[in-house]
Amino acid sequence: LTAHEQDIKTQAQVEAIAQEIKTTQPLTSQLHPIASLPSHLNLPVEADLQSNKNGQNFMDGCRYLATQYTSFRAIRGDGNCYYRAFLYSLCEKLLRRDTSKVKRKVTSKVSSTNTSTNTSTDTSTDTSTDISTNSGTTGQEKELKRIQTYVNDSLAEVTKYGYDQFTIEMFHDELVDLMTFVAACSSNQNSSIKVNANEIENAEKLHEKLNEENATSDYCTWFLRVITSAYLKKDAGRFVHFLDDPNYFDVPTFCQREVDPMGKECGMVQVLALAEAFGVRVVIEYLDGNALLNDGKVLMRHTFGADAGVEAKRSNSSEHANDGKDDSNPVNITLLYRPGHYDILY
């Protein structure tokens, strides 16, 4: 084959793989029980793990996750999974009812920390108590308004860093419309302890909206890339030291090639930038095939964004971390990382 013919063949193979992924994986799945994670990952049966150390580590990680979480939501593996997971989980958390007026679980956690990149590594032990409070308007409502304002103003911000307003305006409008939709849905939910019919209906509407092909999810996902890129460029002197790819020596080139294009996977520097840009906390459990930490008890876990440093300080001083479930920071996005992919944890 000539070089040109080989390029055509390779492109056809790439397109065939993309089409298969599109037809077999929804953009965002329904909730799956956490116990089904090993089968979702196609892990070998228990008898075959004895001679497969890497597979055993994955299975041990799944067992650990089953003690900490109840379910997960799978994201399409198309290279946009982090941004798509962030978007879906953010909307879910903003849509959630006012938790200060309902029965809620308070969880104490003891944490150990890895602060090398302004992240924290947590070892968690749950001691849960159900309490009821009635403190009036909570941070959740304020957070929804804050993020709406941020999204509304984001077009003017990103155009400072090389983006043409006319070209990207429709993508920004789609994200603004999505936040407006979330706010409208949130306003029709009551604060009853029981999940009401409006909440169920709103969750279904959100799921449907974010699973339309070539529509809201893709438009908003790309604009999240733009926000990430602009945030990196805004503080290029800081973020250039996070670029671990030897092919890149400056942030603008990195953003042009690794952040802006759809289908490009997300690294830790993009995770950090997007979390900080929105002022939310992103917690990631790393199911990457490595052995569990603390004598085989926990997965590696990092925290990015809002209050990550505060949580790390709490952990170092053996104080209880709250994982972002308090009213001062209601938006706490929890994701599962496995090599090259992100899903949402619950």
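Model, not experiment: these values are computed from the prediction.

Colleague: Help me understand the side chain of aspartate 260 in this model?
Modeller: Assignment of secondary structure puts aspartate 260 in the loop between α10 (251-259) and α11 (268-278). No salt bridge is formed by the buried aspartate 260, whose closest oppositely charged neighbour, lysine 233, lies at an N-O distance of 4.6 Å. Side chain to side chain, aspartate 260 and serine 229 meet in a polar contact 3.2 Å long.

Colleague: Please clarify how helix α5 (residues 139-158) should be interpreted in this entry.
Modeller: Since the α-helix packs 3.6 residues into each turn, any two residues three or four apart lie on the same face. Between its terminal C-alpha atoms α5 stretches 27 Å, which fits the 28 Å expected from 20 residues at 1.5 Å a residue. The largest bend along α5 measures about 35° and falls at asparagine 152. Where α5 is buried, its residues meet α4 (81-95), α6 (165-187), α8 (216-234) and α11.

Colleague: What exactly am I supposed to notice about the packing of α4 against α8 here?
Modeller: Any two packed helices are characterised by the angle at which their axes cross and by the distance between the axes. Where α4 meets α8, the axes come as close as 9 Å, and the angle between the chain directions of the two elements is 105°. As summarised for this structure, α4 and α8 are arranged roughly perpendicular, according to the angle between their axes. Contact with α4, carried on its side by Tyr83, Arg84, Phe86 and Leu87, involves Ser217, Asp218, Cys220, Thr221, Leu224, Arg225 and Thr228 of α8 and no other residues of that element. Looking at the contact of α4 with α8 residue by residue, the classes come out as five nonpolar, three polar and three charged.

Colleague: Help me out: how do you make sense of the packing of aromatic side chains in this one?
Modeller: In this description, a pair of aromatic rings is defined by centroid distance and the angle of the planes. Per the counting criterion, the structure on display carries 12 aromatic pairs. Look at tyrosine 82 and tyrosine 83: their rings are 5.8 Å apart centre to centre, the planes differ by 75°, and that puts the pair in the edge-to-face class. Taken as a pair, tyrosine 82 and tyrosine 83 share a single burial class, namely buried. When the centroid spacing of 5.9 Å and the interplanar angle of 50° are considered together, the rings of phenylalanine 239 and phenylalanine 242 count as tilted. According to the relative accessible area criterion, phenylalanine 242 is partly exposed, its value standing at 28%. One cation-aromatic arrangement involves lysine 209 over phenylalanine 181; the distance from NZ or CZ to the ring centre is 5.3 Å.

Colleague: For this particular structure, what's the right way to read the environment of tyrosine 231?
Modeller: In this structure, tyrosine 231 sits in helix α8. With relative accessibility at 22%, the residue tyrosine 231 sits in the partly exposed group. Put simply, tyrosine 231 and alanine 273 are 42 residues apart on the chain and 6.3 Å apart in space, counted from C-alpha to C-alpha. Beyond its immediate sequence surroundings of up to four residues, tyrosine 231 is in contact with Phe239, Ala273, Glu276 and Ala277.

Thresholds applied
- Residues numbered from 1 in each chain as written.
- Predicted model: local features only at pLDDT ≥ 70, side-chain atom pairs only at ≥ 80, totals over all residues.
- Heavy atoms only, no water.
- Helix = DSSP H or I, 4+ residues; strand = E, 2+ residues; numbered from the N terminus.
- Buried < 20%, exposed > 50% of the residue type's maximum accessible area, 1.4 Å probe, protein only.
- Lys, Arg positive; Asp, Glu negative; His and termini not counted.
- Salt bridge = Lys/Arg side-chain N within 4 Å of Asp/Glu carboxyl O.
- Polar contact = N/O pair within 3.5 Å; in protein donor to acceptor, adjacent residues only side chain to side chain.
- Expected span 1.5 Å × (residues − 1).
- Bend = angle between axes of the 7 residues up to and from the residue.
- Contact = heavy atoms within 4.5 Å.
- Axes fitted to C-alpha atoms, helices over the stretch in contact; angles between N-to-C directions.
- Parallel < 35°, antiparallel > 145°, perpendicular 65-115°, else oblique.
- Nonpolar A, V, L, I, M, F, W, Y, C, P; charged D, E, K, R; others polar.
- Phe/Tyr/Trp six-rings, centres within 6.5 Å; stacked < 30°, edge-to-face > 60°.
- Lys NZ or Arg CZ within 6 Å of the ring centre and 35° of its normal.

Limitation: the analysis is restricted to geometry and does not speak to function.
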